[in-house]
Every structure is written in structure tokens, then in C-alpha cells.
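# Residue-level structure breakdown
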Amino acid sequence: MKLIQKPRTLTEEAFEILQDAIINNKLQFNVLYSATELGQMLGGVSRTPVREAAQMLEKIGIVTIEKNKGIRIMPTTFATMIESFQIRLMLEVPLIRRATEVRTPQDIEQLEQIFEQFKQKATSGDTTGTLKADRDYHLALLQIVGNQKAIDIISNTRNQVLIAGSATIPHSRSCLETFEDHLELHQAFIAGDADQAANLMKSHIMNTATLLIHQESAQRQNWTNSDPSAHLNWI
């Protein structure tokens, strides 16, 4: 039986639209935006839902609210980037192990469909579509376990990485290479090999962290172009 979907509030809609605008560089870092200004950008939304959405964004470290001044979008720092990948390792590795243990035939069928969509987007070279398909695939794996709190935390950390200003596609790897980096992980999940799935998820996250940190370190001041494994291998 399908559950009745709860209508989204104006605050929730404003939060999602603003977050998407930040990720896609439609709003600039370190610029003060008033709630009125952002409300106008959203099509005439009043200040209250914009302020409430900004408070939600501030809680996950995307903006700061400066009293009586406005809302400032903060660029992701090297430390925040490292912390984001640490959180993903702490949560996604045990969750993929559990998902592999408890998956049902229906879960496998659904994931196969999502993986095929991922393949199609990657094969066509659709950068935006591949990034979205990548995200959807990971979220589908996590939803098998059903820990919504963990899913929300991981979604926020992935967004913080995107807000750093770029993704590994197309700068450090192609759409197809990104898809192929999930092949063995997917095969381990389908085969029901929980330990292998967990090991491959760790390798996948470490690989993404290494590519992205080296990529961004070459372009940003005050970033350390060090081996990410020094910050991540202890997990």
C-alpha cells in the first residue's frame, strides 16, 4: 500500500531550491543576500520561509546568517571536505554491508533499474545526469536499510562536497569512468557478498576523495595537496 505523501511546506521548497542554486553556482560565495532578495529570486516568496530555509542551510554548514545583514554562502574548506568524506566512510561502509545482508528480491530489481539508468546517463556523456544518477544510486542502496537520519546526514555531506565548486566529472574522470567505479560494488551487492560490498564502498569513497582533493588543491589557495589517505585510513 502506498503512503500518502505529505505536501511540502514553502520552507522545505525554498530550502531545496536554494540548495540546488548554491550547488549549481547560481548564487555566489561570500556575497550577502537579504531574505527579501532571495525571496524575489524564488518568485516572490515571503521572507519568513526564506529565513527558515536559511536556518536549515546554516545547520548543515552551507551558509552563515549575519544578524541584520543577510545570508552569506560559505565555500567549502579543506577541513570540511575531509570531514565530509570521513562521515561517508563512517556511515556508508557499514550501511552497504547491512543493505547487502537484508536486501529483498524487490530491492535488487529496483536497484538494477536505477543502475541501468546510471549506465545510460554515463554512456551518453550527460554530466549533470550522471551526477544525479550517481547520487540516486547511493541513496537507493542506503534506503534499503531504512535509517532516514543517516541518509539525511550523508545527503548533506555529499552536497557540501558539490558546493566546494565542482565534482570530479569532467575534470578528473569521465562520466563513464564514474559509472565504472561502481561496477564491482554493484556486482558484490547483487551477489550478496556483504564484506566485499563494504570493502568496495570504502575503496570507491577513498578514490573519489583522492581525485577531488588533488583536483581542488591545484586550484585553491590554502588547500593542502596531501594524500587524503592520511586523513581517512584510520576509519
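The structure displayed is predicted, hence computed values, not measured ones. (Residues numbered from 1 in each chain as written. Predicted model: local features only at pLDDT ≥ 70, side-chain atom pairs only at ≥ 80, totals over all residues. Heavy atoms only, no water.)

## Topic: the packing of helix H9 (residues 183-191) against helix H10 (residues 194-217)
Put simply, the rule is: With axes taken as lines fitted to C-alpha atoms, and helix axes fitted only over the stretch in contact, angles between N-to-C directions fall between 0 and 180 degrees. Numbering goes from the N terminus for both helices and strands, where a helix is a DSSP run of H or I of at least four residues and a strand is a run of E of at least two. An angle below 35 degrees is treated as roughly parallel, one above 145 as roughly antiparallel, one from 65 to 115 as roughly perpendicular, and anything else as oblique. Two helices crossing with the near one rotated counterclockwise from the far one by less than a right angle form a left-handed crossing, whereas a clockwise rotation gives a right-handed crossing. The contact criterion used is simple: two residues touch if any of their non-hydrogen atoms lie within 4.5 Å. Here the nonpolar group is Ala, Val, Leu, Ile, Met, Phe, Trp, Tyr, Cys and Pro; Asp, Glu, Lys and Arg are the charged ones; every other residue, Gly included, is treated as polar.
In the contact formed by H9 and H10, the axes pass within 8 Å of each other and the chain directions differ by 160 degrees. Considering the angle they form, H9 stands roughly antiparallel to H10. Relative to H10, H9 is oriented so that their crossing is left-handed. Between H9 and H10, the residues in contact are Glu184, Leu185, Ala188 and Phe189 and Gln196, Ala197, Leu200 and Met201, respectively. When grouped by side-chain class, the residues that make up the contact of H9 with H10 number 6 nonpolar, 1 polar and 1 charged.

## Description of empty space enclosed by the protein
Basically, it comes down to this: With a 1 Å grid laid over protein atoms only, a set of points is called a cavity when a 1.4 Å probe fits there but cannot get out and a pocket when it is open yet has protein on both sides within 12 Å along at least five of seven lines; lining residues have an atom within 4 Å of a point. Grid points are joined across faces, edges and corners, and a volume is the space filled by probe spheres set on the points.
All chains considered together, the criterion is met by 1 cavity of 30 Å³ or more. Roughly 50 Å³ of volume is contained in the largest cavity. Of all the elements in the fold, those that place two or more residues in the lining of the largest cavity are helix H1 (10-23), helix H3 (47-59) and strand S3 (70-73). Of the residues that constitute the lining of the largest cavity, the class distribution is 10 nonpolar, no polar and no charged.

## Brief notes about the pattern of salt bridges
Inclusion rule: Note on definitions: salt bridges are taken to be side-chain nitrogens of Lys or Arg within 4 Å of carboxyl oxygens of Asp or Glu. Working definition: with a 1.4 Å probe on protein chains only, accessible area under 20% of the residue-type maximum means buried, over 50% means exposed, and in between means partly exposed.
Under the counting rule described, the total for this entry stands at 9 salt bridges. Measuring nitrogen to oxygen at the nearest pair gives 3.1 Å for the salt bridge that ties aspartate 136 to arginine 135. Under the relative-accessibility criterion, aspartate 136 is labelled partly exposed at 26%. Since its relative accessible area comes to 36%, arginine 135 is described here as partly exposed. When salt bridges that share partners are traced, they join Lys132, Arg135 and Asp136 into one network.

## Focus: the packing of H1 against H3
Between H1 and H3, the shortest axis-to-axis distance is 8 Å and the interhelical angle comes to 60 degrees. Considered as vectors, H1 and H3 are oriented oblique to each other. Every pair of crossing elements has a handedness; the one defined by H1 and H3 is right-handed. Residues Leu10, Thr11, Ala14, Phe15, Leu18, Gln19 and Ile22 of H1 pack against Pro49, Glu52, Ala53, Met56 and Leu57 of H3. Here the residues of the contact of H1 with H3 are counted per class, giving 9 nonpolar, 2 polar and 1 charged.

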